[in-house]
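The chain contents come next:
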Amino acid sequence: MQVGVLAVQGAFAEMEAYWRALGAETFEIRQRSDLDRGMDLLALPGGESTVQGKLMKDLGLFDPLRAKIDGGLPVFATCAGLILLAERIDDPGSRDGTRPEKWFGVLPVTVRRNAYGRQLGSFTTVGTWDGIPDTKMTFIRAPAITAVSDGVEVLSTFEGQPTSVRCRNITAFTWHPELSVR
Ligand code: GLN
């Protein structure tokens, strides 16, 4: 299995190590020509979603990646990756309550960035993921999923709020599964 890991910013090395530990082959997506390689799954790592979105646009990666996602390529996204996929951003810091730029906008959920606080918002908890108990969940300046549309399957929750979801070809987490499995 070939996993293409978006590697323009953020925790892409951890994402690569995770998929390699699971037996997959990985390659880094840094420029458009990297997309000529076939991939079975696209992994979107944590980091800073605004920076990743801007770099993808500047590097000419954004449109071809969106076409692949629209075409059904399986996607595995954590944290900033989830924010880039979300249809709706609920950002109380912005004037109109929504972020002006919408990134991929393909996952029908609403997310609030930095929902647990900007500096001290990192913590670990243990919960059930998709029926698997005792799963370690590490949150790092994590977003919250504040609403999900029909057709979105909730795979885990924290304090009653969804923390990972599956919809069509996309599985996305507010926390970092890649930091729990070695
Ligand atoms: N706070 C980051 C953002 O808004 C996400 C944090 C992360 O990916 N660990 O993009």
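Model, not experiment: these values are computed from the prediction.

**Topic: the pattern of salt bridges**
Argument step 1. Tallied over the entire structure, the rule returns nine salt bridges.
Argument step 2. A salt bridge links Glu16 to Arg20; the nearest nitrogen and oxygen atoms lie 3.1 Å apart. Residue Glu16 and its partner Arg20 are both found in helix H1 (residues 12–21); the two are separated by four residues, about one turn of the helix.
Argument step 3. Given a relative accessible area of 47%, Arg20 falls into the partly exposed group.
Argument step 4. Residue Glu28 is joined to Arg30 by a salt bridge in which the shortest nitrogen-to-oxygen separation is 2.7 Å.
Argument step 5. The class for Arg30 is partly exposed, based on a relative accessible area of 41%.
Argument step 6. A single network of salt bridges, built from pairs that share partners, joins Glu48, Arg113 and Arg141.

**Re the side chain of Ser164**
Argument step 1. Topologically, Ser164 is positioned in strand E11 (residues 161–167).
Argument step 2. Given a relative accessible area of 0%, Ser164 falls into the buried group.
Argument step 3. In this structure the side chain of Ser164 is engaged in a polar contact, spanning 2.6 Å, whose partner is the side chain of Ser156.
Argument step 4. If near-sequence neighbours (up to four positions away) are discounted, Ser164 is found in contact with Trp129, Ile145, Glu153, Val154, Leu155, Ser156, Ala172, Phe173 and Trp175.

**What to know about the sheet that holds strand E6 (residues 107–112)**
Argument step 1. If you walk across this open sheet you meet the three strands as E5-E6-E9, and the pairing is mixed. Strands with a single pairing partner mark the edges of an open sheet, and in this sheet they are strand E5 (86–89) and strand E9 (144–148). Shown here is a sheet whose adjacent strand axes are inclined to one another by a mean of 40°, direction ignored.
Argument step 2. Of the strand pairs in this sheet, E5 and E6 are connected by three bridges, and their pairing is parallel. Bridge assignment links Ala86 to a residue of E6, and that residue is Leu107.

Rules and cut-offs
Residues numbered from 1 in each chain as written. Predicted model: local features only at pLDDT ≥ 70, side-chain atom pairs only at ≥ 80, totals over all residues. Heavy atoms only, no water. Salt bridge = Lys/Arg side-chain N within 4 Å of Asp/Glu carboxyl O. Helix = DSSP H or I, 4+ residues; strand = E, 2+ residues; numbered from the N terminus. Buried < 20%, exposed > 50% of the residue type's maximum accessible area, 1.4 Å probe, protein only. Polar contact = N/O pair within 3.5 Å; in protein donor to acceptor, adjacent residues only side chain to side chain. Contact = heavy atoms within 4.5 Å. Pairing = 2+ DSSP bridges. Axes fitted to C-alpha atoms, helices over the stretch in contact; angles between N-to-C directions.

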